[in-house]
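Take a look at the letters that make up each chain.
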Amino acid sequence: MRIKLAILSFFITSLSFSQTIKSPEEFLGYKIGTQFSRHADVVAYFKHVAENSEWVTYTEYGKTNERRPLTYAIVTTPQNQNNIENIRLNQLKNAGVESGSASPDKAIVWLSYNVHGNEASSTEASMVTLYELITNKKEWLENTVVIIDPCINPDGRDRYANWYNKVKATPYDTNPDAEEHNEPWPGGRANHYLFDLNRDWAWATQVETRQRLKVYNSWMPHIHVDFHEQGINEPYYFAPAAEPFHSIITPFQRDFQTLIGKNHAKYFDQNGWLFFTRERFDLLYPSYGDTYPTYTGSMGMTYEQAGGGSAGLGIKKSDGSILTLVDRVAHHFTTGISTVEMASANIEKLNTEFAKYFSAANVKYKNFTLSGEKDHLQALINLLDVHGIQYTFSESGKSTGYNYTTGKQETLTYDEAINISTNQPKGKLVHVLFEPEAALSTPLTYDITAWSLPYAYGLNAVANTKPATGGTFKSKMPMLNTLSKTAPGYLSKWNSMTDAKFLSALLQAAIKVRFSEREFVIDDITYSAGTLIITRSDNNALENFDDVLIQIANKFNRTLTPASTSFASSGPDFGSPYVKLINKPRIAVFTGEQTSSLSYGATWQFFEQQLEYPITSIAVSEADRVNWSDYDVLVMPNGRYKLSENTLSQLKSWVRTGGNLIAVDGALKLFADTEDFNLKTVQLESPKGKDSITSKLIPYADREMDSSKSLISGSIFKTDVDSTHPLAFGYENTYYSLKIGDDAYSLLDEGYNVAYLNDNPQSTSGFAGNEALNKLKNSLIFGVEPIGRGTITYMVDDPLFRAFWENGKLFFANALFINNPNNYRK
Ligand SMILES: [Zn+2]
């Protein structure tokens, strides 16, 4: 009850302040918290305020996949608004990102709402927070600039809000059984491509993130708040965060979180609202809305209200009380306002400590040197550019330090490398993203414990404790190919995702492409297995074959080598049975119930936005009606499949007659330990004798930590690779795989174990419990089982996980294009 009164009173006091600026309630026609506002209505309200107030400017910084605007409001005094560019530059000078001396006397607070679309109270709170700031809290704005992004995931929010508004009862039904409390697959949490935007800050794979980071990094606020919701029975959570804290986080960042938390606690105690701190939400994985800002000098914080996709306008909790949207808004409103209050009261401290964060690069490694495949380096450079991380190029040289491949102090010799120094404004972020292993104070973390980018990008690297010398910046030169109408064919390398995009474009332009299963030599050049061969004889019927081919090669910056002859001086000729035609596959992907929305989304985004190759997404529930002979490839993303007998037998006979089935992660369970397939799960015998007594007597308080023995929460493993197998073309004999769980399968008795863990698997980076490691001995990572005229490819680890494991993507492309079932017909 007290909650409702509090909300009511600030609306009434607000009314008296302003004639032209309407409150959210006046503008929208309903009291905030009694309806879910559509994103367009929220944007309309922010526009209304900006049009009628000198205290607010409102800008569109981009669009989502579904064309909804991404926006932010700058809220401060008219005087500050007139000087806003200087205030912004001052902030960047204070961080050292811009040169010149800084005279900072303002606090910059950035409030991000509704990153998870169905945690929908926070966007509602953004409107009342905006209104409160420019009516009752004006004095704080004298020294504080508040940036409000009312919704960083508009597609997800509207998916939720539109669904809720469609199904809700009038008046709303608080019974948890009601439809309005049970969102259908995939729910509103993620964005259009079903990515979790709160895992994407550092990898920047999504349009929302990429556009937001441009604005965010042009401000680099002192404080960033990411508003969330958790289960309906939880109290409110706010800073300080839980262990593990990344060791790079400064004492001031820890202390100030506590200061802010105590201010929130004051208001929560006054209202009789429960909260907790220092538990569950840790600060380690660098791609969150709290950690990424923290690693770039900000006070990054997550606030969690009870609610989420099941809460609706009101729901009965397990204690019998009702959680309403009105309550949820009041809590997020309170912490948002309290955050601004603390910023305004601590200007000097915030600015001096902010400057210190950037000046003291007190980190172990001073420089990271990376060399390797040019496309991989280019992909990494694209990411560095998004974050405003500086780097230099070096031509042929040496660098000594911790070698990522051997784990020893060694010298890396290279023809071309990039150096990334930690002596730069983003130096601490660099350290977090590149260090071989993050120090963990406890393995019980909320997310993956390893992400080190040299492994993710498949590069050779050393981490140096001394700065690198020399090195000049070199920009990428566009590669241009020329015609050779007499050549019997053109050759192009195959070892990167860009090569796969190139192949995808060629196939769609109806150009026929082959690959060689064996190494060969033509014109004194040695070509690896997997090399693409585009012959004139295959493409005779195409008009302007050379022109079309060269245009596409130039677009993707590919080097085409014209061959003077198709007669190889060693290895197969162009006409050899070892030179195989790549079919243009018709690809189906399972979606909907039974699939993991994150895994399906990552697959969907991979095809549409990265590979640019068409697919047909088929709901598992529709699988019975599909004529499978219309497809060459079926991708089964991670999921919990329970296919009907009919579908399963149709799929088996489709594989036997030549289908290429690719099963990822949880999809393997459908085939494991069954009659028709060779795949077997690894079962560890349960501990016997003394061990079992010991394990029975583990005290209650130690159980949580004990469970970590069987835990792998996202760790990097070095795998052995059979690089002679088409699934591994373009790879060498080792591959670093990101393992996100402890599922383990034995090596295939019949079939091909293409990437696997040996009898002494060790986590190269990240946490892995002893029992989990035991289970992983001699286990499969990627394998192929020929069945009849078709194949099934098993991917125990999902190379498309969160789209950031750049070096895994070629395995997936190989599974689609190169590992054709025809390869096995002798
Ligand atoms: Zn959330």
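Residues numbered from 1 in each chain as written. Predicted model: local features only at pLDDT ≥ 70, side-chain atom pairs only at ≥ 80, totals over all residues. Heavy atoms only, no water.

Let's talk about the overall build of the protein
Helix and strand content of the protein: 23 helices and 33 strands. Taking 28 Å as the expected radius of gyration for a compact globule of 826 residues, we find that the protein reaches 28 Å, a close match to that expectation. In the protein, which comprises 826 residues, the share counted as buried stands at 60%. Long-range contacts, defined here as pairs at least 24 residues apart, represent 78% of the contacts in the protein between residues at least 6 apart. When the accessible area of the protein is evaluated, it comes to approximately 32600 Å², of which 49% is carbon and sulfur surface. Charge separation in the protein, taken as the distance between the mean sites of 76 positive and 91 negative side-chain charges, equals 1 Å. (Helix = DSSP H or I, 4+ residues; strand = E, 2+ residues; numbered from the N terminus. Rg over C-alpha atoms; globule rule 2.2 N^0.38 Å. Buried < 20%, exposed > 50% of the residue type's maximum accessible area, 1.4 Å probe, protein only. Contact = heavy atoms within 4.5 Å. Areas by Shrake-Rupley, 256 points an atom, 1.4 Å probe, with all protein chains shown as cover. Lys, Arg positive; Asp, Glu negative; His and termini not counted. Charge placed at Lys NZ, Arg CZ, Asp CG, Glu CD.)

Here's the deal with the pattern of salt bridges
By the definition in use, this model includes 32 salt bridges. One salt bridge connects arginine 68 with aspartate 158, and the closest N-O pair in it is separated by 2.8 Å. With arginine 68 in the loop between β1 (56–63) and β2 (69–75) and aspartate 158 in helix α7 (residues 154–167), the pair connects residues that are 90 residues apart, well separated along the chain. Comparing arginine 68 with aspartate 158 shows no difference in burial state: the two are buried. (Salt bridge = Lys/Arg side-chain N within 4 Å of Asp/Glu carboxyl O.)

Quick notes on the side chain of arginine 212
Relative to the assigned elements, arginine 212 resides in helix α8 (residues 207–217). It is aspartate 149 that comes nearest to the buried, bridge-free arginine 212 among opposite-charge side chains, at 4.8 Å. Those residues in contact with arginine 212 that sit more than four places away from it in its chain are Tyr61, Ile152 and Trp201.

Here we look at the sheet that holds strand β23 (residues 579–582)
If you trace the five strands from one edge of the open sheet to the other, you get β22-β17-β21-β18-β23, paired in antiparallel fashion. Looking at strand neighbours, the two that pair on one side only are β22 (561–563) and β23, the edges of this open sheet. With strand direction ignored, the average angle separating the axes of adjacent strands in the sheet is 35 degrees. Strand direction decides the pairing type here: strand β18 (residues 513–516) and β23, joined by four bridges, are antiparallel. (Pairing = 2+ DSSP bridges. Axes fitted to C-alpha atoms, helices over the stretch in contact; angles between N-to-C directions.)

Some points on the coordination of the zinc ion
The protein atoms donating to the zinc ion are His116 (ND1), Glu119 (OE), Glu119 (OE) and His228 (ND1), with metal-donor distances spanning 2.0 to 2.5 Å. Here the zinc ion binds four donor atoms, and the angle range of 56 to 158 degrees at the metal identifies the geometry as irregular. (Donors = N, O, S within 2.8 Å, 3.2 Å for Na, K, Ca; no water. Tetrahedral: all angles 85-135°; square planar, octahedral: opposite > 155°, others 65-115°.)

Examining the packing of aromatic side chains
Between two aromatic rings, the relevant description is the distance of the centres plus the angle of the planes. Summed over all chains, the structure comprises 57 aromatic pairs. Relative to phenylalanine 607, the ring of phenylalanine 606 has its centre 5.6 Å away and its plane inclined at 80 degrees; by these criteria the two rings are edge-to-face. For phenylalanine 606, a relative accessible area of 0% puts it in the buried group. Connected via pairs of aromatic rings, a cluster forms that spans Tyr61, Tyr72, Trp110, Trp201, Tyr216 and Tyr292. Of note, arginine 212 hangs over the ring of tryptophan 201, and the distance from its end group to the ring centre comes to 4.5 Å. Over the aromatic face of tyrosine 578 sits the side chain of arginine 518, whose NZ or CZ is 4.0 Å from the ring centroid. (Phe/Tyr/Trp six-rings, centres within 6.5 Å; stacked < 30°, edge-to-face > 60°. Lys NZ or Arg CZ within 6 Å of the ring centre and 35° of its normal.)

With respect to the nonpolar core
Of all hydrophobic cores here, the largest spans 152 residues; its most connected members are Leu370, Phe434, Phe607, Phe812 and Leu816. Sorting elements by how many residues they give to this core places helix α23 (residues 809–818) first, with eight residues. In contact with leucine 370, not counting residues within four places along its chain, are Leu377, Leu380, Glu416, Ala417, Ile418, Ile420, Phe434, Pro454, Leu459, Asn460 and Ala461. By size, the runner-up hydrophobic cluster in this structure holds 63 residues, among which are Leu28, Val56, Ile134 and Phe333. (Core = buried A, V, L, I, M, F, W, Y, C linked by side-chain atoms within 4.5 Å.)

Some details on unusual backbone geometry
In this chain, tryptophan 185 is followed by proline 186 through a cis amide linkage whose omega measures 0 degrees. As for its placement among the helices and strands, proline 186 is situated in the loop between α7 and α8. For the peptide bond that leads from alanine 239 to proline 240, omega is 5 degrees, which places it in the cis range. Within the secondary structure, proline 240 sits in the loop between β6 (236–237) and β7 (242–245). The backbone of asparagine 544 shows a phi angle near 55 degrees, a positive value even though the residue is not glycine. Looking at where asparagine 544 falls in the secondary structure, it is placed in the loop between β21 (532–535) and α17 (545–555). The exposure class assigned to asparagine 544 is partly exposed, which follows from its relative accessible area of 46%.

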